[in-house]
Amino acid sequence: MQEPDRQEGFLLKRRKWPMKGWHKRYFVLEKGILKYAKRGTDLKKGKLHGCIDVGLSVMSIKKKAMCIDLDTEDNIYHLKVKAPELFEEWVTKLRHHRVFRQNEIATYPHERHLFNPHASSSPSLNETLRKVSLSHNYHLRSSFAQLTSNYHQECPGGSHSLVHQVSNESKASIPESISEFFDAQEYLLSSSSSENEVRHFILPYSLLLLISNFSPLVGSMLTLPRRRSTLPSPSPTSSVSLWNILKNNIGKDLSKVAMPVQLNEPLNTLQRLCEEMEYSELLDTANRTQDPYQRMVYVATFAISAYASTYHRAGSKPFNPVLGETYECDRPDKSFRFIAEQVSHHPPVSACHSDSRNFSFWQDVRWKNKFWGKSMEIVPMGTTHVTLPAFGDHYEWNKVTSCIHNILSGQRWIEHYGEMSIKNINGDACQCKVTFVKARSWSSTVNEIEGVVTDSNGKVVHSIFGKWHESVFQGDPPSATCIWRANPMPVDQDQFYGFTQFAVELNELDSPLRPLLSPTDTRFRPDQRLLEEGNTEGAEEQKQRIEQLQRERRKVLEDNNMAHQPRFFKKSNNDTWVSNNTYWELRRDPGFTKMDFPVLW
């Protein structure tokens, strides 16, 4: 095939996190490889800012905005052209170079990871490419992940690197040649479908088998229930093609794209929020710590631990709650109780509140998702709050961006990146900034976090580091102290959706609990229960029925010019959702069986 002509010139490139906006960069497209630098002279000197293999990237074109998006799996590049004629020229050249590069890859399949099979590579580059190749070896990752999960007894002096997470295998595949998209069309269901709500893959961790003092909130001298150790049925195999669902939605928000039940896990978004409480003992410790700087370390570590369980959960998504759905979790063994409710449908908002004698925790959460061809970004919105009664502290922080890679083919894995800022709004003694480091294709470093606690003058008092799925250390290596370590995964977690032991327990419904729960509690949801039992056909049928019921309820409200009123949460002065503190009192007297609730399923 004839080599296409070289194309070069200035384009606008969106800045990578943490900076925003667009900046001008000089691009050169040659033999299917797109290189860029600040200026053309920098390219001639070999001072590259980046290099993109167009043949291995998914490309989406937006003619109206004159934007070009390139998803390389490791990064998503957003480019913009100002002039329409120049935009058409670049699109045409990119298409020609993609075909040329794909033909070249077919001719030199063993060199598909090289940017140019005709160019000689330095020994250091060859070594880097060898490591990248190893990082995609499934068996190596599986063995390494198993070894790491077994090695949890002691906190090492330094942090061990993992290559990539092992998650459930992708349930869909995509032909290599089909990876270019033009003006993706909308793929929508009725606006009232529960599947229109934002899909997220964020959150939680593993169970601490520690029996603490019983909380006075739930009484004393209770007999702790024996909780289940596994799900009733392993996760079913599925032949559902995500490609058929997502191909018309490149670069768009997925909040209104319906997903079949085979892609779900038998947990709900409200239960996923509860998973963030698994390591609540960190807050118990914070409430007993006199030093405000050390308290901040424990609060920051708790915020980091909220991401630990996502390491094994990139292969499926939680059920989306219907409007008015609730979930409670009463854990006397961990001295907290938790309540969550779906308070809004458009936009979808989940609110939760947890209380203990040592802390209060609350948040309302919504997400914006975008699919870029090979990856899906999840951008959370909202603020998380924690109060410590012993000191009158009120901490708040933001969540970071998450990205699911290999969403359509290969082994899915998830990363979190961005900056989390934690502050005590009732005092200015200290603040904390935690950076979730974005993985780089040329490095085996993944899942790393770095943080500093500073005083009111900006002086660093404490530093923390580690991996969000594994452990957090305080101080400087090799003398650093282990503050937190994730609990070991169940031995057969890969057969049961990658659930932690804590997650396994969340949907359990035993006889003593059944009459105490609200009829809107997630545990009573039939489609989720059927999926947990391995009946995917029955689950899909029930899911469609539940969505239809929600559409009918919404129509009744609209016809009567009425708005839904959440039962257990209310809007605060700053327009966030907070608990109205009625759930546990109503549960006790008169009891939910004596109250009226809408029929959700």
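None of these values were measured; they are calculated from a predicted model.

Here the focus is the overall build of the protein chain. Within the protein chain one finds 12 helices and 26 strands. Here the protein chain holds 601 residues, and 56% of them are scored as buried. Long-range contacts, defined here as pairs at least 24 residues apart, represent 64% of the contacts in the protein chain between residues at least 6 apart. Counting every atom, the protein chain has about 26400 Å² of accessible surface; 51% of that belongs to carbon and sulfur.

A few words now on the packing of aromatic side chains. Overall, the coordinates contain 15 aromatic pairs when judged by the stated rule. Between the aromatic rings of Phe 10 and Tyr 26, the centroid separation amounts to 5.0 Å while the plane-to-plane angle is 85 degrees, which identifies the pairing as edge-to-face. Taken together, the residues Phe 10 in strand β1 (residues 7-14) and Tyr 26 in strand β2 (residues 22-30) connect sequence positions 16 residues apart. With a centroid separation of 5.0 Å and an interplanar angle of 80 degrees, the aromatic rings of Tyr 583 and Trp 584 are classed as edge-to-face. Across this residue pair, the class does not change: Tyr 583 and Trp 584 are buried. Here a set of aromatic residues connected by ring pairs shows up, and it is made of Phe 568, Tyr 583, Trp 584, Phe 592 and Phe 597. Between Lys 24 and the ring centre of Phe 10, over which it is positioned, the NZ or CZ distance is 5.0 Å. Above the plane of the ring of Phe 391 lies Arg 295, whose end atom (NZ or CZ) is 3.8 Å from the centre.

Bringing the pattern of salt bridges into the picture now. When charged atoms on two side chains of opposite charge get close, those side chains can pair. Per the counting criterion, the structure on display carries 31 salt bridges. The closest approach of N and O atoms between Asp 364 and Arg 366, which form a salt bridge, is 3.5 Å. Residue Lys 433 pairs with Glu 419 through a salt bridge whose shortest N-O separation is 4.0 Å. In this pair, Lys 433 is assigned in strand β20 (residues 430-436) and Glu 419 in strand β19 (residues 413-424), connecting sequence segments 14 residues apart.

On to the pairing of strand β3 (residues 33-37), then. Taken across its five residues, β3 has four buried, putting it largely inside the fold. Judged from the five bridges that link them, β2 and β3 form a sheet pairing that is antiparallel. For Leu 29, the partnering residue across the bridge sits in β3 and is Leu 34. Hairpin connection, β2 to β3: the antiparallel pair is bridged by two residues, and Lys 31 has positive phi, about 55 degrees. Of the strand pairs in this sheet, β3 and strand β4 (residues 50-53) are connected by four bridges, and their pairing is antiparallel. Directly across from Ile 33, in β4, lies its bridge partner Asp 53.

It is worth spelling out the confidence of the model for the protein chain at this point. Summarising the model, the protein chain shows a mean pLDDT of 80, and 76% of its residues fall at 70 or more. A low-confidence stretch, residues 182-222 stays under pLDDT 50, and its non-local contacts, those more than four residues away or across chains, total 178 contacts.

Formed by 70 residues in total, the largest nonpolar core has its most connected members in Phe 338, Trp 397, Met 420, Ile 422, Val 434 and Phe 436. Considering every element that reaches this core, the biggest residue donor is helix α8 (residues 292-305), with eight residues. If near-sequence neighbours (up to four positions away) are discounted, Val 434 is found in contact with Ala 300, Ile 304, Gly 418, Glu 419, Met 420, Ile 422, Ile 449, Glu 450, Gly 451 and Ile 464. Leu 11, Leu 34, Leu 70 and Leu 94 belong to the second largest nonpolar core, which has 19 residues in total.

Moving on, we come to the pairing of strand β23 (residues 471-474). Burial of the side chains of β23 extends over both faces: Ser 471 and Phe 473 are buried on one face and Val 472 and Gln 474 on the other. Two elements, strand β22 (residues 460-467) and β23, share four bridges in a ladder whose sense is antiparallel. Residue Phe 465 lies in a different strand from β23, and its bridge partner there is Phe 473. Pairing of β23 with strand β24 (residues 481-485), which is carried by four bridges, proceeds in the antiparallel orientation. Looking across to β24, one finds that Gln 474 is bridged to Thr 481. In this structure, the hairpin formed by β23 and β24 is closed by a connection of six residues, where Gly 475 is found at a positive phi of approximately 105 degrees.

Helix length check: helix α11 (residues 536-559), at 24 residues, gives a terminal C-alpha distance of 35 Å against a target of 34 Å (1.5 Å per residue), a fit within 8%. Residues of α11 that are buried make contact with β10 (317-319), β12 (336-345) and α10 (526-532). Where α11 begins, one side-chain oxygen reaches toward the backbone nitrogen of Gly 538, 2.9 Å away; that side chain belongs to Asn 535. Immediately downstream of α11, the backbone of Asn 561 shows phi near 55 degrees, a positive value.

The subject of this paragraph is the side chain of His 416. Structurally, the position occupied by His 416 is in strand β19. Owing to a relative accessible area of 0%, His 416 belongs among the buried residues under this scheme. A distance of 2.8 Å separates the side chain of His 416 from the side chain of Thr 310, its partner in a polar contact. Polar contacts involving the side chain of His 416 include one to the side chain of Ser 402, which spans 2.6 Å.

The next thing to look at is the state of the cysteines. Scanning the entire structure with this criterion turns up zero disulfides. Cys 329 takes part in no disulfide bond, and the closest cysteine sulfur, belonging to Cys 274, lies 3.7 Å away. On the basis of relative accessibility, which here comes to 4%, the residue Cys 329 falls in the buried class.

Another point: the environment of Gly 55. Within the fold, Gly 55 resides in the loop between β4 and β5 (58-62). Put simply, Gly 55 and His 96 are 41 residues apart on the chain and 10.0 Å apart in space, counted from C-alpha to C-alpha. Not counting residues within four places of it along the chain, the set of residues in contact with Gly 55 comprises Gly 32, Arg 98, Arg 101, Gln 102 and Ile 105.

Moving on, we come to unusual backbone geometry. Of note, the amide linkage connecting Pro 477 to Pro 478 takes the cis form, showing an omega dihedral of 5 degrees. Within the fold, Pro 478 resides in the loop between β23 and β24. A cis amide bond links Asp 589 with the next residue in sequence, Pro 590, at an omega value of 15 degrees. Tracing the backbone shows Pro 590 in the segment after α12 (583-588). Phi at Tyr 497 takes a positive value of approximately 65 degrees, unusual for a residue other than glycine. You can see Tyr 497 is positioned in the loop between β24 and α9 (501-506). Even without a glycine there, the phi angle at Asn 561 is positive, about 55 degrees.

Conventions and cut-offs
Residues numbered from 1 in each chain as written. Predicted model: local features only at pLDDT ≥ 70, side-chain atom pairs only at ≥ 80, totals over all residues. Heavy atoms only, no water. Helix = DSSP H or I, 4+ residues; strand = E, 2+ residues; numbered from the N terminus. Buried < 20%, exposed > 50% of the residue type's maximum accessible area, 1.4 Å probe, protein only. Contact = heavy atoms within 4.5 Å. Areas by Shrake-Rupley, 256 points an atom, 1.4 Å probe, with all protein chains shown as cover. Phe/Tyr/Trp six-rings, centres within 6.5 Å; stacked < 30°, edge-to-face > 60°. Lys NZ or Arg CZ within 6 Å of the ring centre and 35° of its normal. Salt bridge = Lys/Arg side-chain N within 4 Å of Asp/Glu carboxyl O. Pairing = 2+ DSSP bridges. pLDDT = per-residue confidence, 0-100. Core = buried A, V, L, I, M, F, W, Y, C linked by side-chain atoms within 4.5 Å. Expected span 1.5 Å × (residues − 1). Polar contact = N/O pair within 3.5 Å; in protein donor to acceptor, adjacent residues only side chain to side chain. Disulfide = S-S within 2.5 Å.

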